[in-house]
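Coordinates in review
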Amino acid sequence: MADEKPPQLVDYFVVAGLTDTSRPLEEETQQHRLARPSEPITDVAVIIRSQGEEVPHGFTCIETTTSGHPVDLNAGLLNNPQMFICYKRGRDKPPLIELGVHYEGKDRPKPGYKILDTTPYSRSANLNSGGPGHQRTFLTYRRAAEPHGHNTLGVTDLCLVMPSKGESTPHTFCRVDKNLNTSMWGPAVFLCYKISMAKANTLVYEAGLLGRYPEQDSESFPLPESVPVFCLPMGATIESWPADTKYPLPVFSTFVLTGASGDKVYGAAIQFHEAFPRERLSEKQSLRLGLLSVVDRRPVAGRSLQTRKSICVLSHWPFFDVFRKFLMFIYRYSISGPHVLPLETHISHFMHNVPFPSPQRPRILVQMSPYDNLLLCRPVSSPLPLSGASFLTLLQNLGPDNAVALLVAVLTEQKLLIHSLRPDVLTSVGEALVAMIFPLRWQCPYIPLCPLALADVLCAPVPFIVGIHSSYFDLYEPPRDVIFVDLDTNTIFQSEERKLLSPRSLPRRPCKVLLASLHSLSQQLDEMYSGPGEEASLELLLSDAEAARGRRAQLELEARAAFLRFMACALRGYRSFLRPIALASTPAGRDAGSLFALQGFLKSRERAYHRFYGQLLRTQLFTQFIEDCSFASDRDPCLEFFDTCVDKVQAELEKPEDTPLMELDDPRGGEHTVFITPPEQPAGPDGSELPAQYHYDGFPTLRPELLEPPRDPLVAQLCQARSSAPSSPAPRRTKQEMKVAQRVAQKYSSVPDMWAKCLLGHCYGLWFLYLPTHVRAAPAKLRALQLAYDVLRKMEAHKVVLPDEVCYRILMQLCGQYGEPVLSVRVLLEMKRAGIVPNTITYGYYNKAVLESKWPAGTQSGRLRWAKLRNVVLGAAQFRQPLRQRERRATASATPGGRAPPAPRPGLQRQTTWAGRSLRDTPPAPRLVKSGSLSFPGSTHGDGSQGEQREPQNTPPPLPLPAAPDPLPPLLRGPPGSADGSLSDISFATDESDRADEGPVGNTPRRGLAAKLQQLLSPGKRPPLRPAASTELPSSSRDAASCPRRGSEQRDGEPPPRRSPAETLLRPRERPESTASESSVSLGSELDLSDTSVGSAGVPKSSEQPGDGAAGQEPPAVEVWLSSCSRCQGCGALVYDEEVMAGWTSDDSNLNTTCPFCSRSFVPFLSIEIQDFQTPPSAAEDGSLPPPAAQGPVLSDRRRCLALDEAEPELCNGCPDAAVPRRSERVAFAYLSPLVLRKELESLVENEGGEFLAQPELVDSHPIIYWNLVWYFQRLELPSNLPRLLLGSQHVTPTPQLQPPDSPCVRVRLLWDVLAPEPESFPPLHILWRLHSNVPTRLQSWRPPSQHPFSLAFMEAVLNYVGLNDVHKAITLFLETLAAPGAPRQLQRSIYREILFLMLAALGRDHTDIAAFDKKYRSAYNKLAGSLGKEELRRRRAQPPSSKAIDCRKSFGVTLEC
């Protein structure tokens, strides 16, 4: 698939300012404008009127409070001195920027403050001069530094308030919290002052667009038209300054734009002033700016004209610090010069050649000039939504108590107006307010930095969160029903019309923990920024800036975690009140009342907090939250993370939990840093530098011809990141699910049985990741989905440890995709039955499948009627059986002698059915069963069935019966004789009645000993319960990439027997089965029934397709042998599959396993041999086919079956005489742990799409993933089409494309032992046994040396000791033989492995109880350890497998060939 465009750091560069079409912002609202001061306060004074002092010239005296009460600072004293405070406005000196009150003797003078100790008339300015016992109190002030700019913030108003008179601090005023009247009598009086910009001679216009880059809109994100007004929120101004006024520093501001879909776009801008031509002004504008005299209209000298501009960048990422440095560099570049490169080059270079940080390269160092650089780091990986919030800024400006009060206001959806004189603070605090209520999402208007042009939103009758510059209140009357939050004075103003709920209405314990955490963080912030002086702070920034930034990031994370914990406690248990949709829903069923039990949730809370919860449940916040939880959305990973937080918190505790809810994943710790150089300067014709020619008087108009296109090819490589492919459904796990799975794996890695089940759960997870591809290729979608559902049930029955809910989720998604809502409901019920509470993602996809799928019309009575009809037909067939038996007896009595003519005895034939029954035998009468019963009509019970007289083979077949579809495929049914689903107690019953008539068979050496050991080791005779092969599998599984072995069950020329539909429905599999001679069970051909196995729990095999009748099958076109047996590079020992699994770790990035002999780590490998039997088209057209094999009678005696193994080499394990491959190739790839493989497969599906798993390119482009998937799917007998992909790879001869029924098949066989012998290695005992027994082996080149101690007598002695339960003698004999001359110095296989494989070769897989042998071997090992020592036994490789390895073998099943 094509690569999608990587994330772009900056989307647009914008220049905003005054345009020709800008409209004034003040004229239309002139009648609403308040009288505002034109000049700041420059001086304060104290006068004593009782001493005859008058108000100085130019000063204004404060004689009343805000509500009109007279002010006397010494009221109540007998000798009242009548002291008053006066102030003066002007622009002749720097303005006052802060006022205070100093208590002499108690307070230390603050640096930079001046104490007002005398009046203008040289008397003491002590505000409490009533007597010697009173506290001496003086006013203090701090003045702006020289020279001051025209727009310097200053004190613009003063007032006095008396709280005893019911007065409070006026809005936007800051109160000095020290009483001016410290005497025992008189009311308390407090000084309040206001800081703002006292501007004069200013015209305000709506900002317009002056320039942009790129000039064309992007398809995914066009440039919003309102960007210029956000760049200059207080408008584009024209200002008249005194000629000697200093230019102010640029002001940095940020803003957020929210799209219709909720996507956020972040803007960063700087505002600056530059000269404006006077000739562009009209006479009216010049008069308002004071440039013309009012009387004679003459120009006023000594004035300069300035305008305000802004440059801005728009991005989807809140890199505010990076953008501020870039914009400041561009601004400084525009006011300096001359330069060799134009300004446009630096802009286009930053936008095109600076890549977005990737996980591989998390740090980008951009060198903009020899003196300017910036570091761009990848955003902190967090499951929470990306935002520009700063909780530390919130705490610094409001404090913990006000922060909790605002939390209540946001949760109850109040109208909040945040204002400050610092525009860069507004966005950080506004983002924190909407982020503190996670997982709830603010649904109402949200403008963290609102321009004057959009101030009408403050009159909207809906809740909102709006941030605005404090100078707004100098222009307009504030609304009355709004809660004001002043970030400059740390105050919250509530109107009488709208009162906030008290923080006491919040749940007590969670609120107490929240307040304690915020107070602790606030104290740490004060300690961090309370340096002794500016020099120390500068030293801190220069020497330890990285540590300070890391500390601030950690505190930011702790603050966010504190709010997250409160929300988790407040909403705990909410998932139990969600109402899943179980039936076809109407549109009314999508509201919150139908999706959530509101009253039940409210009653589950304490009664004292019902008022708060009642308001919360009625908000749009909560309604949208319930919808997000009920339906699939892009917020599913965030909500799933919140669910894990709810599970972690304990609401009854009064302190935070020890386990943090969030962990800091700082990408700055990465070692890879990409260095981006500045733009290259062009050189002259002779290589000399070009002269500097670019000089700017102001910020220039962008010239398109100077904006360079991207030219650095490295950027595309750095940003090479594909987003999730449109694979439906997407099986990607969330990061939180990955972390949980990692913790579960770490927990179970030390528990042997749980580690095996954990690996098994990840293997099933691999198959469910492949399931969408499998279902897409299946012609019968419902059958494929039903098969997956049955796999889920089997997993639950065998207690497989599932690391996540992906298996259930994928099946639910597929049910919705293919319109099966009923099956989706069954999957949800299966989850609940397994004790799994679906998380938000799974729950959302479930509701989506139920709502969007078409429900079946009518009732299910039709299915019930078909089941009844099926039972009636089967019952009638049972009644007809006695009549047929009577007819047979009558026919037998009518023949001479009273006996039926003997049928001609055919040649030797393998036993292929249960209890020695031939495929041509009369099938047993079907029993009456319920629909979906798990019984097998072909099984018999009890030992009495072994001696029953069989019917003649030429008996006519029973009456054909109409077959009803079976809802459960037979291969997926559990054994009827085992209640717990165990398969360890099942074996084949044999017919002992034929042994008396049989003569000696073959001349196998020591056949009597083998029969004796068989009698000692084989389990007792039990009912034959081998399940039948399903004929109703989807064609995708029938066409799975393998085919059954060749059979010769039918004689030449004999027509196949006629079968009834009922027999065909539940017939046994047709593949020839051996009861004694097979050394092991092939995963691609048989079902292991002798070991407790979860992996072989009755799931159809991908490498097997059921045959029809007894007709022989064609050999496979391609045969693949796989082996996971790996050689340790340290000690040279062979490590087998279960030992490799036991040595894996819980790290999903670690490829190593641990050797059980030397404890070293090494990478195991999958060895693959691909044998291509396909003939060229010319050879296939001549019609030459191999002759059919000879046919023979069915024998149930084990001795004769043993002889059959030797007589029929084509049925032995990998006999090379069966067919000679036209082409053979051996390859090896790393053998991955299921945890590692799942991570790689998820990455592959995300990058390439799920469809890539069905393409032959998978084999060649991702061979490690492909072969590991084939191994695991074959290991667990799960259906897949992966082996067929081999036909289109480079490993196989290309053939013409055929349809699936005619296409060549691929057989996959898994080996327990090595695939090929290593040079100069000694053959194992099981190979020597076969060589002594003249049994052809797959490896003909493996020959023992002429002189070796492992004779036939030695191997028989070992088997004899094992059969007599003297395993310790067998081990001792083995150790003594190894010490003899001629023996190999060190065996590659352990003694345990040699004896086990020898038993399998001598007795057959079906007659070897591996679990019992493990117990005997361990007991013998413990007995020998007392005399020889465990270290010596381990050195000589005599130790048994670990308990973890044995559990892995039990869980995955012994389904490998040796």
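On a predicted model such as this, the values are computed, not experimentally measured, just so you know.

Judged by side-chain polarity, L1151, V1163 and F1165 come together as a nonpolar surface patch covering roughly 220 Å² of accessible area. Among the secondary structure elements, L1151 is positioned in the loop between α26 (1137–1143) and β28 (1153–1154). We classify L1151 as partly exposed; its relative accessible area is 36%.

The next thing to look at is the nonpolar core. Core analysis: the biggest nonpolar cluster contains 264 residues, and L571, F768, V1120, L1286 and I1395 have the highest contact counts within it. In this structure, L571 is in contact with P439, L440, F601, R605, L616, F622, F625 and F642, ignoring residues within four places of it in sequence.

Between helix α32 (residues 1325–1332) and helix α35 (residues 1391–1403), whose axes approach to 7 Å, the crossing angle comes to 30 degrees. In terms of orientation, α32 lies roughly parallel with respect to α35. Judged by the twist between their axes, the crossing of α32 over α35 is right-handed. In this structure, α32 uses L1325, H1326, W1329 and R1330 to contact α35, whose residues at the interface are E1394, F1397, L1398, A1401 and A1402. For the contact of α32 with α35, the per-class residue count stands at 6 nonpolar, 1 polar and 2 charged.

Once that is clear, we can look at the packing of helix α33 (residues 1352–1363) against helix α34 (residues 1367–1378). Packing of α33 against α34 leaves a shortest axis separation of 7 Å and a crossing angle of 155 degrees. With respect to their mutual orientation, α33 and α34 come out roughly antiparallel. Crossing of α33 over α34 shows left-handed handedness. Touching F1354, A1357, V1358, Y1361 and V1362 of α33 are V1367, K1369, A1370, L1373, F1374 and T1377, all from α34. Its residues assigned to classes, the contact of α33 with α34 comprises 9 nonpolar, 1 polar and 1 charged.

Take unusual backbone geometry next. Here the amide bond leading from Y213 into P214 is cis, since omega sits at -5 degrees, within 30 degrees of zero. Backbone torsion omega between F438 and P439 reads 20 degrees, so that peptide bond is classified as cis. By the secondary structure assignment, P439 is in the loop between α6 (423–435) and β20 (446–447). Here T172, not a glycine, exhibits a phi torsion of approximately 70 degrees, which is positive. Its location among the elements puts T172 in the loop between β8 (154–161) and β9 (174–175).

Another aspect to go through is the packing of aromatic side chains. If you walk through the whole model with that rule in mind, you get 40 aromatic pairs. Ring geometry for Y12 and F221: centres 5.6 Å apart, planes at 65 degrees, overall edge-to-face. With Y12 in strand β1 (residues 12–17) and F221 in the loop between β12 (208–213) and α1 (227–231), this pair connects stretches of sequence that are 209 residues apart. Assigned by exposure class, Y12 and F221 land together as buried. Among the aromatic residues, those joined into a ring-pair cluster are F438, Y574, F577, F596, F601, F612, Y613, F622, F625 and F642. Positioned above the aromatic ring of F84 is the side chain of R49, whose terminal nitrogen or guanidinium carbon lies 4.8 Å from the ring centre.

Attention shifts here to the sheet that holds strand β10 (residues 190–196). With antiparallel pairing, the 3 strands of this open sheet are ordered in space as β8-β10-β9. The strands lining the two open edges of the sheet, one partner per strand, are β8 and β9. Across 7 bridges, β8 lies against β10 in antiparallel orientation. Bridging across to β10, D157 finds its partner in K194.

With that out of the way, let us pick up the sheet that holds strand β2 (residues 41–48). In spatial order, the strands read β2-β4-β3; together these 3 strands make up an open sheet with antiparallel pairing. The two strands at the open ends of the sheet, each matched to only one other strand, are β2 and β3 (59–62). Taking each pair of neighbouring strands and ignoring which way they run, the sheet shows an average axis angle of 30 degrees. Here β3 pairs with strand β4 (residues 83–89) via 4 bridges, running antiparallel.

Judged by how many residues are buried, strand β14 (residues 251–258) sits mostly within the fold: 6 of 8 residues are covered. Bridge count for β14 against strand β15 (residues 264–275) is 8 bridges, and the pairing is antiparallel. Residue T258 lies in a different strand from β15, and its bridge partner there is K264.

Taken as a whole, this structure holds 34 salt bridges when the rule is applied. In this structure, R441 engages D628 in a salt bridge whose closest nitrogen and oxygen atoms are separated by 3.2 Å. In this pair, R441 sits in the loop between α6 and β20 while D628 sits in helix α13 (residues 620–630), placing the two residues 187 residues apart along the sequence. Classification of D628 as buried rests on a relative accessible area of 5%. Within the structure, one salt-bridge network assembled from shared partners comprises E1138, E1139, R1393, D1414 and R1449.

Right, let's get into the side chain of S1390. In this fold, S1390 is placed in the loop between α34 and α35. If we skip the residues at most four places from it in the chain, S1390 touches F1157 and R1437.

Moving on: the pairing of strand β21 (residues 464–469). Of all 6 residues in β21, 6 are buried, a share of seventy percent or more. Burial along β21 is two-sided: the face carrying F464, V466 and I468 and the face carrying I465, G467 and H469 are both buried. Examined bridge by bridge, strand β19 (residues 415–420) and β21 share 6 bridges and lie parallel to one another. Along β21, the bridge assignment pairs L416 with I465. In the sheet, β20 pairs with β21 via 2 bridges, with the strands oriented parallel.

About the thresholds
Residues numbered from 1 in each chain as written. Predicted model: local features only at pLDDT ≥ 70, side-chain atom pairs only at ≥ 80, totals over all residues. Heavy atoms only, no water. Patch = residues over 30% accessible without salt bridge, like charges linked within 9 Å, V, L, I, M, F, W, Y side chains within 5 Å. Areas by Shrake-Rupley, 256 points an atom, 1.4 Å probe, with all protein chains shown as cover. Salt bridge = Lys/Arg side-chain N within 4 Å of Asp/Glu carboxyl O. Helix = DSSP H or I, 4+ residues; strand = E, 2+ residues; numbered from the N terminus. Buried < 20%, exposed > 50% of the residue type's maximum accessible area, 1.4 Å probe, protein only. Core = buried A, V, L, I, M, F, W, Y, C linked by side-chain atoms within 4.5 Å. Contact = heavy atoms within 4.5 Å. Axes fitted to C-alpha atoms, helices over the stretch in contact; angles between N-to-C directions. Parallel < 35°, antiparallel > 145°, perpendicular 65-115°, else oblique. Left-handed = near helix turned anticlockwise from the far one by under 90°. Nonpolar A, V, L, I, M, F, W, Y, C, P; charged D, E, K, R; others polar. Phe/Tyr/Trp six-rings, centres within 6.5 Å; stacked < 30°, edge-to-face > 60°. Lys NZ or Arg CZ within 6 Å of the ring centre and 35° of its normal. Pairing = 2+ DSSP bridges.

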